[in-house]
Amino acid sequence: MRKKVTVVGAGNVGANTAQKVAAKELADVVLVDVVEGVPQGKSLDMLESAPVEGYDVKITGTNGYDETADSDIVVITAGIARKPGMSRDDLLMTNYGVIKGVTEQVAKRSPNAILILVTNPLDAMCWTAAKASGFPRERVIGMAGVLDTARFRTFIAEELNVSFENVTAMVLGGHGDTMVPLVRFTNVSGIPITELMDQQTIDRLVQRTRDGGAEIVRHLKTGSAYYAPAASTCEMVESILKDKKKVLPCAVHLEGEYGIHGLFVGVPVKLGAKGVEQIYEIKLSAEEAGALKKSAAAVQELVDVLKEKTK
Ligand SMILES: NC(=O)c1ccc[n+]([C@@H]2O[C@H](COP(=O)([O-])OP(=O)(O)OC[C@H]3O[C@@H](n4cnc5c(N)ncnc54)[C@H](O)[C@@H]3O)[C@@H](O)[C@H]2O)c1
């Protein structure tokens, strides 16, 4: 039987994610949005490219949730996107309401689904979905690290004029200005980047990675990045549905790992059929551990606001 993936939010990230999941024939796709006509129109348009592209999956668009029943994965991209000059934190309360409502709807119809959160502020939205669904931590996962890592890999490959594929990197922490690109674990076909570029160049690329989301927003002026976010989300979906057990940086609920308790923070995990199958606790240098702690504190601040305002 075919797998089923629901994507909630038929905007830029959601529609592109749905299209990629369908094009790779990973699953039948249900696209949900509050705006009448948008998920229906986009899903029909995607379906009509199936004969040309040669994929055989069902794609359904809807404003309701009944069609989402028994999904294997639910990707949540619903909410408002960051506008120029707007911090991720400004999005907090609006998107909290959206994520809580959406999660309640999907969780009751797909009680065994794995949730992949995309909506910002990411780490706080994961916390919201975990609370609203009551799902175990293996099945509530945030997409951020794969994208942040992809950006870092892109900048390194461009700088060195080498294949993008050859660059391996790891970015930890919250999805925000405090993310922690781990230079020590970054290499080109096994060659540490410290052998290939000077510290000043590395620092510049690390900073560009931290500002990666804002750089796109500055160009687009209205709206934020979506091609790379959709590709990153699709990589997570594929690893789960094909049980590939890829090791990817994802936001997961930490319960003591890295000395962090009760927060979603990006760390390396193994993604397979059960969702998060392993959390890797790597030994960090004092500087890296300090940066991760700072990043976790930024996530904590948002969660504290949520806890206070939703008492
Ligand atoms: N985690 C990441 O790395 C990452 C990367 C890119 C974007 N994002 C975030 O993803 C979210 C979506 O971005 P986008 O560019 O697709 O935005 P978008 O505005 O294009 O799409 C959002 C969609 O959500 C829909 N929506 C709003 N409320 C809803 C509800 N209650 N139920 C169902 N649908 C609802 C809107 O109608 C819209 O179609 C934003 O919060 C953005 O900041 C996160």
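Things to note about the overall build of the protein chain
Alright, step 1. A count of helices and strands for the protein chain gives 10 helices and 14 strands.
Alright, step 2. Its C-alpha atoms put the protein chain at 55 × 50 × 40 Å along the principal axes.
Alright, step 3. Residues classed as buried in the protein chain amount to 52% of the 311 residues present.
Alright, step 4. Sequence-distant contacts, at least 24 apart, represent 67% of the contacts inside the protein chain between residues at least 6 apart.

Side note on helix 5 (residues 122-133)
Alright, step 1. Over its 12 residues, helix 5 extends 16 Å from the first C-alpha to the last, a length consistent with the 16 Å expected when each residue adds 1.5 Å.
Alright, step 2. By the criterion of burial, helix 5 is predominantly enclosed, with 10 of the 12 residues buried.
Alright, step 3. Buried residues along helix 5 sit against helix 4 (92-109), strand 5 (114-117), strand 6 (140-142), strand 12 (246-255), strand 13 (261-272) and helix 10 (286-309).

What about the packing of aromatic side chains?
Alright, step 1. Throughout the structure, instances matching the rule amount to one aromatic pair.
Alright, step 2. With centroids separated by 4.7 Å and ring planes inclined at 40 degrees, the aromatic side chains of Tyr 226 and Tyr 227 adopt a geometry described as tilted.
Alright, step 3. The ring of Phe 135 has Arg 139 lying over it, and the distance from NZ or CZ to the ring centre is 4.4 Å.

A short note on the nonpolar core
Alright, step 1. Core analysis: the biggest nonpolar cluster contains 82 residues, and Val 5, Ile 73, Leu 117, Ile 141, Met 236, Val 237 and Leu 271 have the highest contact counts within it.
Alright, step 2. The greatest single-element share of this core, amounting to seven residues, is contributed by helix 5.
Alright, step 3. Taken together, domain 1 (4-142) and domain 2 (145-309) each give at least three residues to this core, which thus spans both.
Alright, step 4. Within the second largest apolar cluster, 15 residues are counted, among which are Phe 152, Ala 169, Met 179 and Met 197.

Digging into helix 8 (residues 212-220)
Alright, step 1. Of all the positions in helix 8, only Gly 212, Gly 213, Glu 215 and Val 217 are classed as buried.
Alright, step 2. One or two residues past the end of helix 8 sits Lys 221, with phi positive at roughly 70 degrees.

Thoughts on the domain arrangement of the protein chain
Alright, step 1. By domain assignment, the protein chain separates into domain 1 (4-142) and domain 2 (145-309).
Alright, step 2. Approximately 3600 Å² of surface area, both sides summed, lies buried where domain 1 meets domain 2, with 73% of it carried by carbon and sulfur atoms.
Alright, step 3. Considering only the surface of domain 1 that becomes buried against domain 2, Asp 123, Trp 127 and Arg 137 emerge as the three largest contributors, covering 22% of it.
Alright, step 4. Connecting domain 1 to domain 2 are three salt bridges.
Alright, step 5. Of the charged contacts in the structure, one is a salt bridge between Glu 238 and Lys 24, with a shortest N-O distance of 3.2 Å.
Alright, step 6. In this assembly, domain 1 and domain 2 are joined by six residue pairs in polar contact (both at pLDDT 80 or more).
Alright, step 7. Of all the secondary-structure elements, those providing two or more residues to the side of domain 1 that touches domain 2 are helix 1 (12-23), strand 4 (73-76), helix 4, strand 5, helix 5 and strand 6.

Some words on a nonpolar patch on the surface
Alright, step 1. Taken together, the side chains of Val 34, Val 35 and Val 38 define a hydrophobic patch exposed on the protein surface, amounting to about 260 Å² of accessible area.
Alright, step 2. The class for Val 35 is partly exposed, based on a relative accessible area of 44%.

Parameters and conventions
Residues numbered from 1 in each chain as written. Predicted model: local features only at pLDDT ≥ 70, side-chain atom pairs only at ≥ 80, totals over all residues. Heavy atoms only, no water. Helix = DSSP H or I, 4+ residues; strand = E, 2+ residues; numbered from the N terminus. Buried < 20%, exposed > 50% of the residue type's maximum accessible area, 1.4 Å probe, protein only. Contact = heavy atoms within 4.5 Å. Expected span 1.5 Å × (residues − 1). Phe/Tyr/Trp six-rings, centres within 6.5 Å; stacked < 30°, edge-to-face > 60°. Lys NZ or Arg CZ within 6 Å of the ring centre and 35° of its normal. Core = buried A, V, L, I, M, F, W, Y, C linked by side-chain atoms within 4.5 Å. Domains from an automatic or database assignment. Buried area = accessible area lost by both parts, 1.4 Å probe. Salt bridge = Lys/Arg side-chain N within 4 Å of Asp/Glu carboxyl O. Polar contact = N/O pair within 3.5 Å; in protein donor to acceptor, adjacent residues only side chain to side chain. Patch = residues over 30% accessible without salt bridge, like charges linked within 9 Å, V, L, I, M, F, W, Y side chains within 5 Å. Areas by Shrake-Rupley, 256 points an atom, 1.4 Å probe, with all protein chains shown as cover.

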